[in-house]
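Chain by chain, the residues:
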Amino acid sequence: SDGIFAQSVGGGGGQTGGLGIGPEIPIPLFIGSVGGSGSSGVVTITETGNIMTSGSDANGIFGQSATGSGKAGNVIITLAGNVIVNGTDSDDIYAQSVSMTGNNSNSTVTITSGTVQGGSGTNSAGVRIVDGLNNQLINHGTIETVDMISGSAIIGGSKNEAVDNFGVVIGSVDL
């Protein structure tokens, strides 16, 4: 499970999957809007403590504004603490503003202090920003993964991403 899961959904949807029956009966996981009309709101997360997760697909902080045919809201994540993720395929911070019609807004992640450590494996990142429009990452802390230099510290999407690094980044940056 995620340390913090904050989501605003317009047009119906949410999170499905994860029935806990075990790996022998895989259940597809869906997170987002099913495409109906309606806008999603702003998602704001401010964390000043420490978070630790373990297990596969267990993100530290998940923030998403998703909609079908409406406008997606901004996603704003501010961290002054440590978020440590140890599982495979787990992002430390995941931010997404997405509309199925392309009417996305911005995602902004600000790390004022602390360590952000994503999980292990090729599908893990310290910070992952997906979709959005004009996205920004401001780092004054340390961003890394369990895999350190061979891991993905920062992964962006196909929109406009800006990274302002005043701290330490260990691993790949893929924008």
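Okay, so let's go over this structure. Everything numeric here is computed off the predicted structure, so don't read it as measured data.

This part takes up the pairing of strand β9 (residues 93–99). Of all the seven residues making up β9, seven are buried; the element is thus mostly covered by neighbouring parts of the structure. The alternating pattern of β9 places I93, A95, S97 and S99 and Y94, Q96 and V98 on opposite faces, both of which are buried. Across seven bridges, the pairing between strand β6 (residues 61–67) and β9 is parallel. Counterpart to Q64 in the pairing with β9 is Q96. Bridge count for β9 against strand β12 (residues 125–131) is five bridges, and the pairing is parallel. Paired with S97 across the two strands is D131, which belongs to β12.

On to the packing of aromatic side chains. Counted according to the given criterion, the structure contains two aromatic pairs. Considering the side-chain rings of F5 and F62, the 4.8 Å spacing of their centres and the 0 degrees angle between planes classify their relative orientation as stacked. Here F5 is found in strand β1 (residues 4–10), whereas its partner F62 is found in strand β6, with 57 residues between them in sequence. Here F62 falls in the buried class, since its relative accessible area comes to 3%. Pairing F62 with Y94 gives two aromatic rings, centres 4.9 Å apart and planes at 10 degrees, and the pair type is stacked. In this pair, F62 is assigned in strand β6 and Y94 in strand β9, connecting sequence segments 32 residues apart. When its relative accessible area of 15% is taken as the criterion, Y94 is described as buried.

The next subject is the nonpolar core. The nonpolar side chains of a soluble globular protein tend to be buried, and buried together. Formed by 20 residues in total, the largest nonpolar core has its most connected members in I77, I93, V109, I111, V127, L137 and I143. Elements supplying a minimum of two residues to this core: β4 (43–47), β7 (75–80), β9, β10 (107–113), β12 and β15 (152–155). Broken down by element, this core gets its largest block of residues, three residues, from β7.

What counts and what doesn't
- Residues numbered from 1 in each chain as written.
- Predicted model: local features only at pLDDT ≥ 70, side-chain atom pairs only at ≥ 80, totals over all residues.
- Heavy atoms only, no water.
- Buried < 20%, exposed > 50% of the residue type's maximum accessible area, 1.4 Å probe, protein only.
- Helix = DSSP H or I, 4+ residues; strand = E, 2+ residues; numbered from the N terminus.
- Pairing = 2+ DSSP bridges.
- Phe/Tyr/Trp six-rings, centres within 6.5 Å; stacked < 30°, edge-to-face > 60°.
- Core = buried A, V, L, I, M, F, W, Y, C linked by side-chain atoms within 4.5 Å.

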